[in-house]
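Residues per chain, in single letters:
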Amino acid sequence: MDRPAAASDVEERAQGGHAARPGRDASVQIEEELAFKLRERAALTPEFWSFSGRSNREAGHGIFAYPAMMVPQLQGALLEDVQAVDPTVSSVMDPFMGSGTVMLESVRRGLSFSGTDINPLAVLLATVKSQVYDPELLARVRQRIALVVTEDSSSEIAVQFHNRDKWFRTDVALDLSKLKRAISSERRKAVRQAFWVAMAETIRLVSNSRTSTVKLHSYSAEEIESRQLDTIGTFLRISASQIEQLKDQATTLSQGLRKNPDLKISCTVADARSMPSSKSHAGVDILMTSPPYGDNVTTVTYGQHSYLPLQWIDMRDVPGMRPELLEYTRSIDSISLGGKLKGSLSWADELQDKSSAFTYCLAQLRNHPRNSQSRFVAFVRDLDESLDAITANLRDNAWMFWTLGERKISGVPVPTVAIVRDLLVSRGSRHVETLERKIPGGSKRMAFRNASVETMNTESILVMRGPCKADQNSR
């Protein structure tokens, strides 16, 4: 990473010291301008990129506690800086969009957005965040749901799945069944989807799985029995708070539409390794994303976190939902990056040709269990494969912002930032800047009690530019 500019340097350049040198390539100049802007923020405000005490989840960002969410204000600042140096940008893509943080921040600034995720619950969340809802309508529906639930005297539990009674007390399951029937009876799909999100957050709080970890981990029998739970009351409280957030969200989305009446939003279920190519010949201007930091089973178990809510939500309202994704708790995680270990080591030679950082890390793992090597190679193999589909959707010289964390496998640090940089450079991309940030709160929750992975307390934002398709074709 380049040395951050000292405050005196920042002042000098702000007063005109950053004048373009005659004959300098325009692409290089604009990249240097962006790098300067990014360093300038940290020079003037130490720890700027950590956003400690300055991060909040409003205007739709906080409607569900999705794991490892990005910091909205951080992504917003990055977008503003690239818009300042390159006013031509008009579209953003996030192939690992999670619950849609980048989507909302993009639209807020009048930028069209296309996003994908392999997890249907994530796409449901992003879909709801992309809608302009009428808060008065939602308030009336909330009252109607409360009334329908009150009048529902059925003793039938609405869902059947393996270990249901392990994860839900009978009284909780009966109340959730009433909520499921009430929400399902609503006519408008978009409205049902909004209240499914409120129900998903309710399930997170009233199930027998501990909220202290994103991995499914049950309370003890004694704790389950003693918990004081009001499932209906929890849902009504969450949905009321959600309506307030969606009210602010509608304002945010409307502002974006006023800035750009042609603004478009697309949120779909897709595997980043096989995502469809952009319908636009021009391609997307900005890639802003945060891929998994490793295989989901041992880092952030997004699929497990989604497993219980998805059992209760009407499948017709969940984009891209398929029954096989709920066959067992790890179904979604197993199809994510690094989820398949079989034959992964056979890819090591090809990856070593692309990344010296990968080669170094693999050598460090040689004396560790074969499973550790397989998990490392499998994840990098899948991430490398995804880069082909991702870059195919970008315009020439697109801007790229990768928020990345670095884990350890069997105690060996994995240089994820250097590996991703190497893989992108091998495709003709150029490094612009690398920003370091401390994660507010001290750590990012990982899989519960996993000896092979340590909790992360720092992240990096890798800023790249390119590739140029003409250069790629000549390789």
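Residues numbered from 1 in each chain as written. Predicted model: local features only at pLDDT ≥ 70, side-chain atom pairs only at ≥ 80, totals over all residues. Heavy atoms only, no water.

Chemist: Report on the overall build of the protein chain, specifying residues and quantitative values.
Modeler: Helix and strand content of the protein chain: 18 helices and nine strands. For the protein chain, the residues scored as buried account for 57% of the 475 residues in total. Long-range pairs, those at least 24 residues apart, make up 78% of the contacts in the protein chain between residues at least 6 apart in sequence. (Helix = DSSP H or I, 4+ residues; strand = E, 2+ residues; numbered from the N terminus. Buried < 20%, exposed > 50% of the residue type's maximum accessible area, 1.4 Å probe, protein only. Contact = heavy atoms within 4.5 Å.)

Chemist: Report on unusual backbone geometry, specifying residues and quantitative values.
Modeler: In this model, G466 is joined to P467 through a cis peptide bond whose omega is -5°. Examined against the element boundaries, P467 turns out to sit in the loop between β9 (458-465) and α18 (469-473). One non-glycine residue, N163, lies in positive phi territory at about 65°. Notably, N397 is not glycine yet its phi reads approximately 55°, a positive angle. Within the secondary structure layout, N397 lies in strand β5 (residues 394-404).

Chemist: So, the environment of L424: which residues are in play, and what are the values?
Modeler: Within the secondary structure, L424 sits in helix α17 (residues 416-425). For L424, the residues in contact, after removing those within four places along its chain, are L387, M400, W402, S429, L462 and M464.

Chemist: Let's hear about the nonpolar core: which residues, and what values?
Modeler: In this structure, I145, F168, M199 and W312 are the most contacted members of the largest nonpolar core, which totals 55 residues. By residue number, the principal contributor to this core is helix α9 (residues 189-206), which donates ten residues. Ranked by size, the runner-up nonpolar core spans 38 residues in total, among them L351, L362, L383 and V420. (Core = buried A, V, L, I, M, F, W, Y, C linked by side-chain atoms within 4.5 Å.)

Chemist: How would you summarise the packing of helix α4 (residues 101-108) against helix α11 (residues 231-259) if you had to cite specific residues and measurements?
Modeler: Running from N to C, α4 and α11 cross one another at 50°; their axes reach a closest spacing of 7 Å. Classified by the angle their axes make, α4 and α11 are oblique. Contact with α4, carried on its side by L104, V107 and R108, involves Q249, T252, L253, G256 and K259 of α11 and no other residues of that element. Here the residues of the contact of α4 with α11 are counted per class, giving three nonpolar, three polar and two charged. (Axes fitted to C-alpha atoms, helices over the stretch in contact; angles between N-to-C directions. Parallel < 35°, antiparallel > 145°, perpendicular 65-115°, else oblique. Nonpolar A, V, L, I, M, F, W, Y, C, P; charged D, E, K, R; others polar.)

Chemist: Give a detailed account of the sheet that holds strand β2 (residues 112-117), specifying residues and quantitative values.
Modeler: Read from one edge of the open sheet, seven strands run β3-β2-β1-β4-β5-β9-β8, paired in mixed fashion. In this open sheet, the two strands that pair with only one neighbour each are β3 (265-269) and β8 (430-438). Within the sheet, the average angular offset between the axes of one strand and its neighbour, ignoring direction, is 15°. With eight bridges joining them, β8 and β9 adopt antiparallel strand pairing. (Pairing = 2+ DSSP bridges.)

Chemist: Pulling in residues and values, what's your account of empty space enclosed by the protein?
Modeler: Regions of empty space are outlined by a rolling probe, equal in size to a water molecule, passed over the atoms. Summed over all chains, the structure comprises three cavities of 30 Å³ or more. Forming the walls of the second largest cavity are 14 residues, and the residues nearest its centre are R204, S209, R210, L216 and H305. Secondary-structure elements contributing two or more residues to the lining of the second largest cavity are α9 and α12 (302-312). If you tally residues by element for the lining of the second largest cavity, the top one is α12, at four residues. In terms of residue class, the lining of the second largest cavity is made up of five nonpolar, six polar and three charged. (1 Å grid on protein atoms, 1.4 Å probe; cavity = no way out; pocket = protein on both sides within 12 Å on 5 of 7 lines; lining within 4 Å. Points joined across faces, edges and corners; volume = space filled by probe spheres on them.)

Chemist: Which residues make up the side chain of D94, and what values do they have?
Modeler: Mapped onto the fold, D94 is located in strand β1 (residues 91-94). Filtering out sequence-adjacent residues up to four positions away, D94 remains in contact with V102, F113, S114, G115, T116, M288, T289 and S290.

Chemist: Go over the packing of helix α16 (residues 370-391) against α17, please, and point to the residues and values.
Modeler: Close contact between α16 and α17 brings their axes to 11 Å; oriented N to C, the two are set at 40°. Compared by their axis directions, α16 and α17 come out oblique. Remark: the crossing between α16 and α17 carries right-handed chirality. From α16, F376, V380, L383, D384 and L387 reach across to α17, where they touch I419, V420, L423 and L424. The class makeup of the residues in the contact of α16 with α17 is eight nonpolar, no polar and one charged. (Left-handed = near helix turned anticlockwise from the far one by under 90°.)

Chemist: Can you lay out the pattern of salt bridges for me, pointing to particular residues and giving the numbers?
Modeler: Note on pairing: side chains with opposite charge can pair once their charged atoms come close. Throughout the structure, instances matching the rule amount to 26 salt bridges. The residue D81 makes a salt bridge to R41 at a minimum N-O spacing of 2.8 Å. A residue pair is termed long-range when its members are at least 10 positions apart, and D81 in helix α3 (residues 72-85) and R41 in helix α2 (residues 26-44) qualify at 40 residues. On the basis of relative accessible area, D81 is assigned to the buried category, the value being 5%. Given the relative accessible area of 22%, R41 is considered partly exposed. (Salt bridge = Lys/Arg side-chain N within 4 Å of Asp/Glu carboxyl O.)

Chemist: How would you sum up the packing of aromatic side chains? Please name residues and give values.
Modeler: Geometrically, a pair of aromatic rings is defined through the distance of the ring centres and the angle of the planes. Scanning all chains against the criterion turns up five aromatic pairs. Their ring planes at 85° and their centres at 6.4 Å tell us that F161 and F168 sit as a pair that is edge-to-face. In this structure F168 comes out as buried when scored by relative accessible area, which is 2%. Their ring planes at 75° and their centres at 5.5 Å tell us that F168 and W312 sit as a pair that is edge-to-face. (Phe/Tyr/Trp six-rings, centres within 6.5 Å; stacked < 30°, edge-to-face > 60°.)

Chemist: Give a detailed account of α2, specifying residues and quantitative values.
Modeler: Relative to the 27 Å expected for 19 residues at 1.5 Å per residue, α2 spans 27 Å between its end C-alpha atoms, a close match to the ideal helical length. Along α2, the residues that are buried comprise I30, E31, L34, A35, F36, L38, R39, E40 and A43. (Expected span 1.5 Å × (residues − 1).)

Chemist: Would you mind going over α12 in detail, with residue names and values included?
Modeler: Within α12, eleven of the eleven residues are buried, leaving the element largely enclosed by the surrounding structure. Taken together, the buried positions of α12 are Y302, G303, Q304, H305, S306, Y307, L308, P309, L310, Q311 and W312. Tucked inside the fold, the buried residues of α12 contact α5 (120-129), α7 (164-167), α8 (170-184), α9 and α13 (331-334).

Chemist: For the confidence of the model for the protein chain, give the residues involved together with the corresponding values.
Modeler: Across the protein chain, the average pLDDT comes to 87, with 86% of residues at 70 or higher. At the low end of the mean pLDDT range in the protein chain sits helix α1 (residues 7-17), at 37; at the high end sits α8, at 98. Long-range and interchain partners of residues 1-23, a stretch whose pLDDT sits below 50, account for 27 contacts in this model, where long-range means more than four residues apart. Every residue in residues 442-454 is under pLDDT 50, and counting partners more than four places away or in other chains gives 45 contacts. (pLDDT = per-residue confidence, 0-100.)

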